[in-house]
Amino acid sequence: MKNKFLFTVILFIGACSSTPTGDQAKSVNTLIQKPEFNYKISSLPQSINLYFFKNKETATLPLEIQGFIENSYFYNTKISYRPKIFLSPIKAGECNIKDEKQELNIAFNFYNNAADNSYQECIKSLPRGKTLYVSDSDDNLGFSNSFIASRKEEKSKLIQSIKNSSIRFVVIDSKKTIDKATITKLLEENDKEVVEVKTYDENFSSQDLFAEVLMVNRSKDRMRKLSRRISEKIIGNSRAREDFDAFFLSVDLKEARNLKPALDYISERDYEVFILNSWQTNSYYKSLDKDLIGSLHADFPIMMPIKIPEFISHEKRSREYAVGYDTFEIVLLKYGSVKSRNFIYKGLSGKITIKNEDIFRSAYVFKITDEGVEIL
């Protein structure tokens, strides 16, 4: 316990040196805004235990814990809310959960921990009544009090944004996402038709992929055969198939920057292109993403090409940090605000509302244009 306390003190000192005491609202645009409430300090938990997976190979704190601590320090300077925060790292194959009578337990569980079943089984033993479960996976492990920030919301929001003009789709996933079947099902449930599905392999040419999908090589073969048949050279352009009008790509951002230009080059046509980030990396969008111009996306505000709080460095700019930062905000809204019903908190991970004790997160959909980004 003594080591935990010293660890916490050192962490707060680090937060003091890296987090500005000024109002962050002045350094962000309207997509990210802090609530303005007079919180009931007496109703807020005075002791919080943070459970997280500890990788033996890394000595630094996970980004979600850094985000939580830094937002905690911000409010420390604004509303004098100073909860005792205890850090409880759990290593692979270990389970050292103890009843230390903290008022609130918060268990963080992210995709990169999913392979370690021992960690998930460990946090399942936490008391349901005083535990907030936070994860980027759809499974809440039976915790009704949970904050789920999963890619499923981005997928659903992006599909809902499709206009009626886009009806027939080609769906392309990658070997990392492997979700072309679920995307196809969702598109069909939204009255769209999927005419072809493919899986992109980064070891092969993206131009060859689209040449195959668009059947442009078949058009060239037909011209060559006809030339031989009539013994005359035929001059003409190869024709691409025309039985679809949109693409849905479920790939990493780096792969998207390779695929979109290849599609434009091979097709010579402006298809509607919807891109769902794989979340396998924390690559973020650029202020002018030339390779992605014209494509539509759904993602966390922290990953978008917008002005974000100045204290978020390139190393911290991640979905994990955003979820940890927003988790502290949720604690304030859920336990200390009397006016938070139907209130929308514009956080680093999206728009968050609390209704009947349930926590909902909504994603943003945006289009990359030659002038920057357009929020839809």
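Given the structure is predicted, the values throughout are model-derived calculations rather than measurements. (Residues numbered from 1 in each chain as written. Predicted model: local features only at pLDDT ≥ 70, side-chain atom pairs only at ≥ 80, totals over all residues. Heavy atoms only, no water.)

Quick look at the overall build of the protein
- Tallying secondary structure elements over the protein gives nine helices and 15 strands in all.
- When each of the 376 residues of the protein is scored for burial, the buried share is 52%.
- Restricting the contact set of the protein to residue pairs at least 6 apart, pairs at least 24 apart contribute 72%.
- Total accessible area on the protein stands at roughly 19000 Å², and carbon and sulfur atoms take up 48% of it. (Helix = DSSP H or I, 4+ residues; strand = E, 2+ residues; numbered from the N terminus. Buried < 20%, exposed > 50% of the residue type's maximum accessible area, 1.4 Å probe, protein only. Contact = heavy atoms within 4.5 Å. Areas by Shrake-Rupley, 256 points an atom, 1.4 Å probe, with all protein chains shown as cover.)

Topic: the sheet that holds strand β13 (residues 358-362)
- Strand order across the open sheet formed by three strands is β11-β12-β13, with antiparallel pairing between neighbours. Two strands lie at the open edges of the sheet, namely β11 (345-346) and β13, each paired on one side alone.
- Sheet topology places strand β12 (residues 351-355) next to β13; five bridges connect them, and they run antiparallel. Within β13, the position partnered with lysine 355 by the bridge is aspartate 358.
- Lying over the sheet, helix α9 (residues 319-336) contacts β11, β12 and β13, oriented at roughly 30 degrees with respect to β12. (Pairing = 2+ DSSP bridges. Axes fitted to C-alpha atoms, helices over the stretch in contact; angles between N-to-C directions.)

Description of the pairing of strand β9 (residues 272-277)
- Of all six residues in β9, five are buried, a share of seventy percent or more.
- Alignment of strand β8 (residues 246-251) against β9, held across six bridges, turns out to be parallel. Note that in β9 the partner of leucine 249 across the bridge is isoleucine 275.
- As for the winding sense of the linkage, the β-α-β connection from β8 through helix α8 (residues 253-267) to β9 is right-handed.
- Here two bridges tie β9 to strand β10 (residues 296-299), and the two strands are oriented parallel to one another. Counterpart to isoleucine 275 in the pairing with β10 is histidine 297. (Right-handed = clockwise from strand over helix to strand, strands pointing away.)

Some details on the confidence of the model for the protein
- Looking at the protein, the pLDDT average stands at 84 and 84% of residues meet or exceed 70.
- Low confidence marks residues 218-230, where pLDDT is under 50. Its contacts with residues over four positions away, or in another chain, come to 12 contacts. (pLDDT = per-residue confidence, 0-100.)

As for the state of the cysteines
- One pass over the full model with this rule turns up one disulfide.
- Two residues, cysteine 95 and cysteine 122, share a disulfide whose sulfurs are 2.1 Å apart. Its torsion about the S-S bond being 85 degrees, the disulfide of cysteine 95 and cysteine 122 is classed as right-handed. Here cysteine 95, found in the loop between β2 (84-91) and β3 (104-109), pairs with cysteine 122, found in helix α3 (residues 117-123); they are 27 residues apart in sequence, far enough to count as distant.
- Classification of cysteine 95 by relative accessible area gives partly exposed; the value is 48%. (Disulfide = S-S within 2.5 Å.)

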